[in-house]
Amino acid sequence: MSSDFETYEQDFGTITAEVTNKIGKIPKLSGEEKTQLVLNVDKQLEEVRELLEQMDLEVREIPIQSRAMYNSRLKSYKQEVEKLEKDFKRSRIAYSDEVRNELLGDDAISSESQRAHLLDNTERLERSSRRLEAGYQIAVETEQVGQEILANLHTDREKIQRARERLRETDANLGKSSRILTGMLRR
Amino acid sequence: MDNSGKEKEAMQLMAEADKKVKASGSFLGGMFGGNHKVEDACEMYARAANMFKMAKNWSEAINCLNQAIDIYTDMGRFTIAAKHHITIAEVYESELVDIEKAIAHYEQAADYYKGEESNSSANKCLLKVGHYSAQLEQYQKAIEIYEQVAMSTMDNPLLKYNAKEYFFKASLCHFIVDELNAKLAIEKYEEMFPAFSDSRELKLLKKLLEAHEEQNSEAFTEAVKEFDSVSRLDQWLTTMLLRIKKTIQGDAGDLK
């Protein structure tokens, strides 16, 4: 009895794997190809349901002491089939990312993690922008201070040049005075 | 010492200074150290002026400084005379709030400094004249001063960085008078001083001209805000920009 159940299990595994693979392909196809594949999957899902019924019958014939284990396995298979049916329904109306990418020329996969990544990058950019703005403000302030310093330096330069001229004049006058005094002493 | 005490001391100094001036004027005084006495008198006038300032007797302080100026100019010492003119101008601008007289004294100081080849000091005084002339809506005078100062600083390796500020101020004065004038002036300044082309000031002017042409006060305010966010506008620039903004039709608001 249990060997028959295991045979059904193997068949179940093979068919569900095929169905999963085909469900993944459905959104990428269109027209006649898509219709054919949908019919094919529909047929295979019908087979899976029949397998489940067979397994159910097999479990009923198993002795009570070991029936609980098989029941739980059967329950999980039923849940798996329900999930497959839901996925199948979704796949028939789903839009493939590849179709979108073909249109938009973008091969990036839109996802939640990508959105988070984008937000993170945006935040980082904003922080950098704020830093740059602050840096720019400081640069402008520095420029203004620099201008004032240069203006002061120019003023000081003029003062020094004037002082130098006066010193030269004074030197010349002292030279004259010295010569006059020397002349007076000689007399 | 209270105000009356300071005033008394100032009066005494003034009387002493007058005596010294008279003494130096006499024949014998002139023969024996007349020059020295006159210099002492000038110093006393300056000290008396300071005392009067401390006592807040502004008119007497100005009177003392004027007497010192007369003596210094007779002696040919124009730099000190110019300094005293600046002191008088500062009293007029901050205490007596008589801007026209302040302008006159700054102009006189600038004139003396120029004669003494103190161009940077002369320019400082001229900039004050330009500043107040624009505030008194004497835009043509302000434009001439800012252009003159900008041209003198343009070729100086130390001062060339200030030239763009003066061209900017001249452009704003042009803008208040006439938009077309401002455009032509800006083009002229760009040709004269290529560094002006890359400046923030020129970018602001171009945005303002565009906003003014479109009579768009929002765009005008936005451009000013953007400029202000980098370096805060001073009182003079704020006043001038507000005057320009008010020429935009149907705008009675002010710069935010």
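Keep in mind that what you see is a predicted model, and the values were worked out from it rather than measured.

Details of a positive patch on the surface
Here is step 1: On the surface, a cluster of positive charge is made up of Lys-159 and Arg-166 of chain A together with Lys-83 and Lys-124 of chain B.
Here is step 2: Here Arg-166 of chain A shows up in helix α5 (residues 112-186).

As for the confidence of the model for chain A
Here is step 1: Per-residue pLDDT for chain A averages 79, and the proportion of residues at 70 or more is 87%.
Here is step 2: Looking at the elements of chain A, mean pLDDT is at its lowest for helix α4 (residues 97-104) of chain A, recorded as 58, and at its highest for α5 of chain A, recorded as 84.

Some thoughts on the interface of chain B and chain A
One frequently used descriptor of interface size is the decrease in accessible area upon assembly of the parts.
Here is step 1: Tallying the contact residues gives 19 residues for chain B and 16 residues for chain A.
Here is step 2: Buried surface at the junction of chain B and chain A, summed over both partners, amounts to about 1500 Å²; 49% is from carbon and sulfur atoms.
Here is step 3: Ranking the residues of chain B by area buried against chain A places Ser-120, Leu-158 and Val-230 of chain B at the top, with a combined share of 34%.
Here is step 4: Note that Lys-164 of chain B is salt-bridged to Glu-143 of chain A, the shortest N-O span being 2.6 Å.
Here is step 5: Our enumeration of links across chain B and chain A arrives at 7 residue pairs in polar contact (both at pLDDT 80 or more).
Here is step 6: Elements with a minimum of two residues in the side of chain B that touches chain A: α7 (119-135), α9 (163-177) and α12 (217-230) of chain B.
Here is step 7: Looking at the side of chain B that touches chain A, the element that brings in the most residues is α7 of chain B, giving 4 residues.

With respect to the confidence of the model for chain B
Residues and elements named next belong to chain B.
Here is step 1: Residues at a pLDDT of 70 or more form 82% of chain B, whose mean pLDDT is 78.
Here is step 2: In this model residues 26-33 is a low-confidence stretch, pLDDT under 50, and it forms 5 contacts with partners more than four residues away in sequence or in other chains.
Here is step 3: The model gives residues 251-256 a pLDDT under 50, and that stretch makes 15 contacts with residues more than four places away or in other chains.

Remarks on the pattern of salt bridges
All names here are of chain B.
Here is step 1: Considering all chains together, one arrives at 6 salt bridges over all chains under this definition.
Here is step 2: The shortest N-O distance in the salt bridge between Lys-128 and Glu-93 comes to 3.7 Å. With Lys-128 in helix α7 and Glu-93 in helix α5 (residues 78-94), this residue pair connects regions lying 35 residues apart in the sequence.
Here is step 3: Looking at Lys-128, the relative accessible area reads 33%, which means it is partly exposed.

The rules behind these values
- Residues numbered from 1 in each chain as written.
- Chains lettered and ligands numbered in written order.
- Predicted model: local features only at pLDDT ≥ 70, side-chain atom pairs only at ≥ 80, totals over all residues.
- Heavy atoms only, no water.
- Patch = residues over 30% accessible without salt bridge, like charges linked within 9 Å, V, L, I, M, F, W, Y side chains within 5 Å.
- Areas by Shrake-Rupley, 256 points an atom, 1.4 Å probe, with all protein chains shown as cover.
- Salt bridge = Lys/Arg side-chain N within 4 Å of Asp/Glu carboxyl O.
- Lys, Arg positive; Asp, Glu negative; His and termini not counted.
- Charge placed at Lys NZ, Arg CZ, Asp CG, Glu CD.
- Helix = DSSP H or I, 4+ residues; strand = E, 2+ residues; numbered from the N terminus.
- pLDDT = per-residue confidence, 0-100.
- Contact = heavy atoms within 4.5 Å.
- Buried area = accessible area lost by both parts, 1.4 Å probe.
- Polar contact = N/O pair within 3.5 Å; in protein donor to acceptor, adjacent residues only side chain to side chain.
- Buried < 20%, exposed > 50% of the residue type's maximum accessible area, 1.4 Å probe, protein only.

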